[in-house]
Amino acid sequence: MIVVVFLSGCIQSDSSKIDALSVSINSHLKTGDGDYNSAGTYTNEYLYTAALAECDNASSEYNQARSLASQGLTYAQDSNDTVYASYMQSVLNEIDAKINATNELKTAIPYLQDNDTVNANIYSSDANGYMDDATTFNNQRENIVKQNPTKFK
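Values in this document were obtained by computation on a predicted structure and should not be read as measured data.

(A) Geometry of the side chain of Glu-94. Relative to the assigned elements, Glu-94 resides in helix H3 (residues 82-113). Owing to a relative accessible area of 2%, Glu-94 belongs among the buried residues under this scheme. For Glu-94, the contacting residues outside a window of four places in its chain are Leu-29, Ala-134, Phe-137, Asn-138 and Arg-141.

(B) A look at the layout of surface pockets. Volume-wise, the largest pocket comes out at about 150 Å³. Ile-18, Asp-19, Ser-22, Val-23, Asn-26, Tyr-84, Tyr-87, Val-145, Phe-152 and Lys-153 together form the lining of the largest pocket. Every element with two or more residues in the lining of the largest pocket is listed here: helix H1 (2-44) and H3. If one sorts the elements of the lining of the largest pocket by residue count, H1 sits on top with 5 residues.

(C) Layout of the packing of aromatic side chains. Across all of its chains, the model carries 4 aromatic pairs by this definition. The interplanar angle of 85° and the centroid separation of 6.3 Å between the aromatic rings of Tyr-46 and Tyr-48 together place this pair among those described as edge-to-face. Judged by its relative accessible area of 63%, Tyr-46 is exposed. Here the aromatic rings of Tyr-87 and Phe-152 are separated by 4.8 Å at their centres, their planes lie at 45°, and the arrangement is tilted. Separated by 65 residues along the polypeptide, Tyr-87 in helix H3 and Phe-152 in the segment after helix H4 (117-147) bring together distant segments of the chain. Put simply, the rings of Tyr-84, Tyr-87 and Phe-152 pair up and form one aromatic cluster.

(D) Spatial organisation of H4. When the terminal C-alpha atoms of H4 are compared, their 45 Å separation across 31 residues agrees well with the 45 Å that a helix rising 1.5 Å per residue should span. Among the residues of H4, Ala-120, Ala-127, Met-131, Ala-134, Asn-138, Arg-141 and Ile-144 are the ones counted as buried.

(E) Representation of the pattern of salt bridges within the structure. One pass over the structure, following the stated rule, counts 6 salt bridges. Across the pair Asp-56 and Lys-106 runs a salt bridge whose closest N-O atoms are separated by 2.3 Å. You can see Asp-56 sitting in helix H2 (residues 48-78) and its partner Lys-106 sitting in helix H3, a full 50 residues away along the chain. Taking relative accessible area as the criterion, Lys-106 reaches 34% and is therefore assigned partly exposed. Of the charged contacts in the structure, one is a salt bridge between Glu-94 and Arg-141, with a shortest N-O distance of 2.8 Å. A residue pair is termed long-range when its members are at least 10 positions apart, and Glu-94 in helix H3 and Arg-141 in helix H4 qualify at 47 residues. There is no split in this pair, since Glu-94 and Arg-141 are both buried. Connected through salt bridges with shared partners, the residues Asp-33, Glu-94, Lys-98 and Arg-141 form a single ionic network.

Conventions used here
- Residues numbered from 1 in each chain as written.
- Predicted model: local features only at pLDDT ≥ 70, side-chain atom pairs only at ≥ 80, totals over all residues.
- Heavy atoms only, no water.
- Helix = DSSP H or I, 4+ residues; strand = E, 2+ residues; numbered from the N terminus.
- Buried < 20%, exposed > 50% of the residue type's maximum accessible area, 1.4 Å probe, protein only.
- Contact = heavy atoms within 4.5 Å.
- 1 Å grid on protein atoms, 1.4 Å probe; cavity = no way out; pocket = protein on both sides within 12 Å on 5 of 7 lines; lining within 4 Å.
- Points joined across faces, edges and corners; volume = space filled by probe spheres on them.
- Phe/Tyr/Trp six-rings, centres within 6.5 Å; stacked < 30°, edge-to-face > 60°.
- Expected span 1.5 Å × (residues − 1).
- Salt bridge = Lys/Arg side-chain N within 4 Å of Asp/Glu carboxyl O.

This is the structure in structure tokens:
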């Protein structure tokens, strides 16, 4: 009986860690999304220096979220919880897509500064594609939450 209680305590501990990490992850994602959107707005207003700064801010926020999500995935895998592992993998995929989108936007901006609209449009289009991917991964994780209401509070 002691072994069962101990193992169950470890699993609870990992899920508690994941829950705590999720709050921080979502906070970094929200801030990063705001920064990314500001970068897009500044780009459309030809304020390229400000846009690049916002890209850097978004990258920083997304990278912090990624580090936390990697920890969460490790906790989920260590506890052999496939639901949490699937959830955290979707979170990581979403964050990676947002990091890629930010990098593509950041690459597009110098082309815009040089009036090279052909290359700027290629990178901007790629950025939009990555953000579409991020939305797909976000929907996947939302579905995991909906299908497992007792695990996610």
